[in-house]
Amino acid sequence: MQYIDLHCDTVTRCADGGLDFYGGGVMACVEKLQKGGCLAQCFAVFTQGADRDKFAFYVNYYKEQLKKYSNSVLPVTCGADFFRAEKEGKVGAVLTVENLGFLKGDLSGLEILGGYGVKMASLVWNYQNELAFPNLIFKDGLPLFKNRESRGLTASGAEAVEMLDGMKIIVDISHLSDGGARQILSKRKIPAVASHSNAAGVCGVCRNLTDELIKEIAACGGVTGVNFCKDFLGGGDVFDRILKHIRHLINTGGEDSVAFGSDFDGIPEVRGLEDAAKMPALLNYLNLKGIKSATLEKIAYKNFIRVFTEVCG
């Protein structure tokens, strides 16, 4: 079965390390995505502490690599491109941004996202910026994983969300505080996503979503992409933990609100699910454990195609 992954940090890792995009030994290189049956990969430009020049460096690297490997990768700019990628036997590539802090609060800079072809963006990573508070609270430099942050968006952050909606860019609430997520999701009519987040009801860390937020994402037609990081899955076999989070998400928000958001190349290697080439084993496991094929197809790729098409066209 093919799949779509809503989040990886492969662009930043490859660009910083001077690695090749196709077979550079990373978790979600094109070669491994092909082996895993990936229909499309969302490639995040991660910009913690960076400025616009650094952001441009990452995007230019991404563009150059897509051009270099155009026989294997197809940029996805509209919903129809997913089907074009499938027809041509290529991996679809969706450009996203993790953390708009590089704008330093200057919202005029949001215009460059559309020019670069960005299709999904989150406001914040693990540290407060001019737009929002994250869902991590620190004390003496250490994260308090059991504490939840109620402070939300700044005025600039709220304006940024409105601008992203107007630009037809999917709003991503992963890493955002509970307060900020509630502000975005309350009575929302446009689908939003949590690209790489899990269920706090299964593993009670602040990086994971409360049932309230899971329901709010589902209510606006959005999806939650299950993150493969052991810290957020909880202890035990990784496949079993992913299954538990998926079941909780289905029971809380419905089968139309679940997707995959691996966080490959942004997390430590996970035994049994070391890279994208291992995705068929996960999909087979989920099916054998009772996730029906029709439901699994929704989770694997159909739910996100729906969201992407509704928001981006």
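Residues numbered from 1 in each chain as written. Predicted model: local features only at pLDDT ≥ 70, side-chain atom pairs only at ≥ 80, totals over all residues. Heavy atoms only, no water.

K.L.:
Explain the side chain of S197 here, please?
P.N.:
Position of S197 relative to the elements: it lies in the loop between β9 (193-194) and α8 (211-219). Residue classification places S197 among the buried positions, given a relative accessible area of 2%. (Helix = DSSP H or I, 4+ residues; strand = E, 2+ residues; numbered from the N terminus. Buried < 20%, exposed > 50% of the residue type's maximum accessible area, 1.4 Å probe, protein only.)

K.L.:
Please clarify how the nonpolar core should be interpreted in this entry.
P.N.:
Side chains of nonpolar character tend, in soluble globular proteins, to be buried together. Residues F21, L100, L113, L123 and F260 are the most contacted members of the largest nonpolar core, which totals 107 residues. Top element by residues in this core is helix α12 (residues 293-312). It accounts for ten residues. If sequence neighbours within four positions are ignored, L113 has contacts with F55, V97, L100, F102, V118, L164, M167 and I169. (Core = buried A, V, L, I, M, F, W, Y, C linked by side-chain atoms within 4.5 Å. Contact = heavy atoms within 4.5 Å.)

K.L.:
What exactly am I supposed to notice about the state of the cysteines here?
P.N.:
Two cysteines joined by a covalent bond between their sulfur atoms form a disulfide. Tallied over the entire structure, the rule returns zero disulfides. Between C78, a cysteine without a disulfide, and C312, which holds the nearest cysteine sulfur, the sulfur-to-sulfur distance is 9.6 Å. The exposure class assigned to C78 is partly exposed, which follows from its relative accessible area of 27%. C203 provides the cysteine sulfur closest to C229, a residue in no disulfide bond, and the two sulfurs are 9.3 Å apart. (Disulfide = S-S within 2.5 Å.)

K.L.:
Teacher, can you tell me more about the pairing of strand β10 (residues 223-226) here?
P.N.:
If a strand is regular, its side chains alternate between the two faces of the sheet. Burial along β10 is two-sided: the residues V223 and G225 and T224 and V226 are all buried. Direction of pairing for β9 relative to β10: parallel, over a ladder of two bridges. Bridge pairing in β10 links V193 to V223. Each parallel crossover has a hand, and for β9 linked through α8 to β10 it is right-handed. Relative to strand β11 (residues 258-260), β10 runs parallel, the two being bridged by three bridges. Residue pairing in the sheet places G225 in a bridge with A259 of β11. (Pairing = 2+ DSSP bridges. Right-handed = clockwise from strand over helix to strand, strands pointing away.)

K.L.:
Explanation requested: the pattern of salt bridges in the structure shown.
P.N.:
As a working rule, side chains carrying opposite charge can pair if their charged atoms are close by. Scanning the entire structure with this criterion turns up 16 salt bridges. For R13, the salt bridge is made with D265, and the minimal N-O distance between the two is 3.0 Å. Here R13 is found in helix α1 (residues 10-17), whereas its partner D265 is found in the loop between β11 and α11 (279-288), with 252 residues between them in sequence. Judged by its relative accessible area of 40%, R13 is partly exposed. Between E149 and R151 there is a salt bridge, with the nearest N and O atoms lying 3.0 Å from each other. With relative accessibility at 6%, the residue E149 sits in the buried group. (Salt bridge = Lys/Arg side-chain N within 4 Å of Asp/Glu carboxyl O.)

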